[in-house]
Amino acid sequence: MNRRNFLLSGLALPLLAPRSGLCASGRIDILPDEPIGKIAPTIYGHFTEHIGGVIYDGVWVGEKSKVPNVGGIRKALVDKLRQIQAPVIRWPGGCFADSYDWRDGVGPRDKRPTRTNFWANTPYLWKGPNGPQKYEPNAFGTNEFAHFCQLAGAQPYMAGDLRSLPARDFYQWIAYCNSPAGSTSLAKLRAEGGSAQPFDVHYWGVGNESWGCGGNFTGDEYAVEFRRYTTWVPRYGLDLHFVASGPNGNDYSWTESFFRKVTEKGPRELGNIFGLALHYYCGGPNNGLADKFSVDQWYSQLADAVVMEDLVHNHWRIMGQTDKKHEVKLVVDEWGSWHKTDPSIAPNYLFGYYPSLRDALVSGLTLDIFNRNADKIAMANDAQLINNINALFIGVEDKFIVTPNFYVFDMYKAHQGATSLRTVISGPILEQKSARGLAALAGSASLRGKRCTLTVTNADAQNPQQIEIAIRGRQVTGAKATVLTSKDIHAHNTLDQPTGIEPVRNQNVSIASPLTYSFAPASVTRLDLDLA
């Protein structure tokens, strides 16, 4: 029995095993005296790229649009981002960032150049009309993105172009964003775009996917570039957080070689690295389409999602071989389900589809992994925000809906800034071959004052799980549940049926001792537990 199944079996804590005579099929033990760390709100971040319908018709509709907007930004999107307390948004990519010249997106919009979009040669997109998805008009640039973040209440996270622009351009983009009002020519250029005051951008990605579309480097080759791009960068009194381009999934050799090379001049170089970017998507042709899949494919997708935990632990261990004090954290700035483009969606909405209940469980499983590893992960960014893979929103012209993924972020926002607690879940292991040893239940718990938030996914598509819940040394005085589920595991929302799936909120939960709760099949649940 491996360590993971050992913990899930309940054998790791024999004193907390379920009492005899109960009908519970498992037990959840929350340990307030064993805190993991503060859950950084930035773990609940988002990602926007100039790809398909993410920016144009998603975020940006233009000031003259009939779609309700604030300075050209879709108002409904801003309102919903505030609802889920969106902490940080990454831009402009992704692969698009690897060939993006920030100067193209500043100054008067009618004088900005039109460029061929990075994604223009994608076969599915090429079927569509010539428009901003193929030929980038640069109507949405640095000022517009900063304004979007301000409206949403989120911090901007800029991804710099390391592949095709020199370090000097990276320095000058930072100066454009952060130099004090009227202090430099770049500050004056920023003011001409309507923003005299600096944007105070703290988060900077030094390239993107430099193992592939961002330059096809090896880890040690990229380490040299990272040092060059971050040496003597203008800071203007700000604590800049540089994110190094990290591995593709389980490419552990990248992480090892990067850390070895970047510190060859001494460990002080670690002080310039805020985080190492990890990218991991789950899905693929073997798991079906977003809303068309078998029960076996349901389990296969969820089994793929929990691979994230192994990736976090393994990269963290390798980082620690060089970074003994773990000064550098992980930044999972691209994650989520990735399915084929829905054939019913117009080609210009490349990679667009309607996320289903299955994708909501992927989001729940992943966010719980991040919570459980709050000591390791400083930021994460769901890819992408709107009209694309794993989206929280779909916006086409004046139509706008939220997806099941939105509801998961809304349910989980209570974790932001709270203290993650060690939580032991004992319950059944799914028997389906495609589940590959996936536990029926997974979750995380956090504490803020006298409120404990427990979030749990039940991956079992058919069976509820009757579970005893105990908080060691604490008495529960009140409990409410919010549940996202459906009798149809393919349930999703569309532009024509925007309420195909919604959570049931604030259900009263009996607090009779022992506290026992039945987690619905195929569900994401949040329990709000008030403590004496």
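Positions within a chain are numbered from 1, following the residues in the order the chain's sequence is written. The predicted origin of the model limits local features to residues at a pLDDT of at least 70 and limits the giving and counting of side-chain atom pairs to 80 or more, whereas totals for whole chains, interfaces and linings rest on all residues. The basis for the side-chain values is all heavy atoms of the structure; hydrogens and waters are excluded.

### A short note on the overall build of the protein chain
Our working rule: For helices the rule is a DSSP run of H or I covering at least 4 residues; for strands it is a run of E covering at least 2, with both sets numbered from the N terminus onward. We take the radius of gyration over the C-alpha atoms and set the globule estimate at 2.2 Å times the residue count to the 0.38 power. Here the term buried applies to any residue with accessible area under 20% of the maximum for its type, exposed to any over 50%, and partly exposed to those in between, with areas from a 1.4 Å probe on protein chains only. It only takes one pair of heavy atoms within 4.5 Å for two residues to be counted as in contact. Residue burial considers only the protein chains on display, and all accessible areas are found by Shrake-Rupley using a 1.4 Å probe. The charge count includes Lys and Arg as positive and Asp and Glu as negative, but it does not include His or the ends of the chains. For the purpose of locating charges, the reference atoms are NZ of Lys, CZ of Arg, CG of Asp and CD of Glu.
Of the regular secondary structure elements, the protein chain holds twelve helices and 23 strands. On C-alpha atoms alone, the protein chain measures out to a radius of gyration of 23 Å, which is about the 24 Å that the 2.2 N^0.38 rule sets for 532 residues. For the protein chain, the spread of C-alpha atoms along the principal axes amounts to about 75 × 55 × 45 Å. Here the protein chain holds 532 residues, and the buried ones make up 60% of them. For the protein chain, contacts bridging at least 24 residues in sequence account for 77% of all contacts bridging at least 6. Only carbon and sulfur atoms are counted for the fraction: they give 51% of the accessible area of the protein chain, which is about 20,500 Å². Mean positive and mean negative side-chain charge positions of the protein chain (53 and 51 charges, respectively) differ by 3 Å.

### Focus on the sheet that holds strand 1 (residues 26-38)
Two pairing modes exist for strands in a sheet, parallel and antiparallel, and in both the strands are linked by backbone hydrogen bonds. The condition is simple: Each pair of strands is called paired provided DSSP finds at least two bridges between the two strands. A fitted line through C-alpha atoms represents every axis, and for helices the fit uses only the stretch in contact; the resulting angles, taken between N-to-C directions, go from 0 to 180 degrees.
Pairing within the open sheet is mixed, and its nine strands lie in the order 21-20-23-18-17-16-1-19-22. Every interior strand has two partners, whereas the edge strands, strand 21 (504-508) and strand 22 (516-519), have only one. Across the sheet, the axes of successive neighbouring strands diverge by a mean angle of 25°, strand direction being ignored. Judged from the eight bridges that link them, strand 17 (residues 441-448) and strand 18 (residues 451-458) form a sheet pairing that is antiparallel. Within the sheet, the bridge partner assigned to S444 lies in strand 18 and is T455. Where helix 12 (residues 404-412) meets the sheet, its contacts fall on strand 18, strand 20 (476-485), strand 21 and strand 23 (523-531), and the angle it forms with strand 23 comes to roughly 15°.

### A short note on the pairing of strand 14 (residues 393-396)
When strand 14 meets strand 15 (residues 399-402), the two strands line up antiparallel, connected through four bridges. In the sheet register, F393 faces strand 15, and the bridge partner there is V402.

### Some words on the pattern of salt bridges
For the record, the criterion: Each reported salt bridge corresponds to a side-chain nitrogen of Lys or Arg within 4 Å of a carboxyl oxygen of Asp or Glu.
Applying the stated criterion across every chain, the model contains 26 salt bridges. A salt bridge links R27 to D29; its shortest N-O distance comes to 3.0 Å. Of the two residues, R27 and D29, neither departs from the other in class, the shared state being buried. Taking the shortest distance from any N to any O, the salt bridge between D410 and R505 comes out at 3.2 Å. Taken together, the residues span a long stretch of sequence, with D410 in helix 12 and R505 in strand 21 at a distance of 95 residues. Sharing partners across several salt bridges, the network here consists of E63, R109, R112 and E144.

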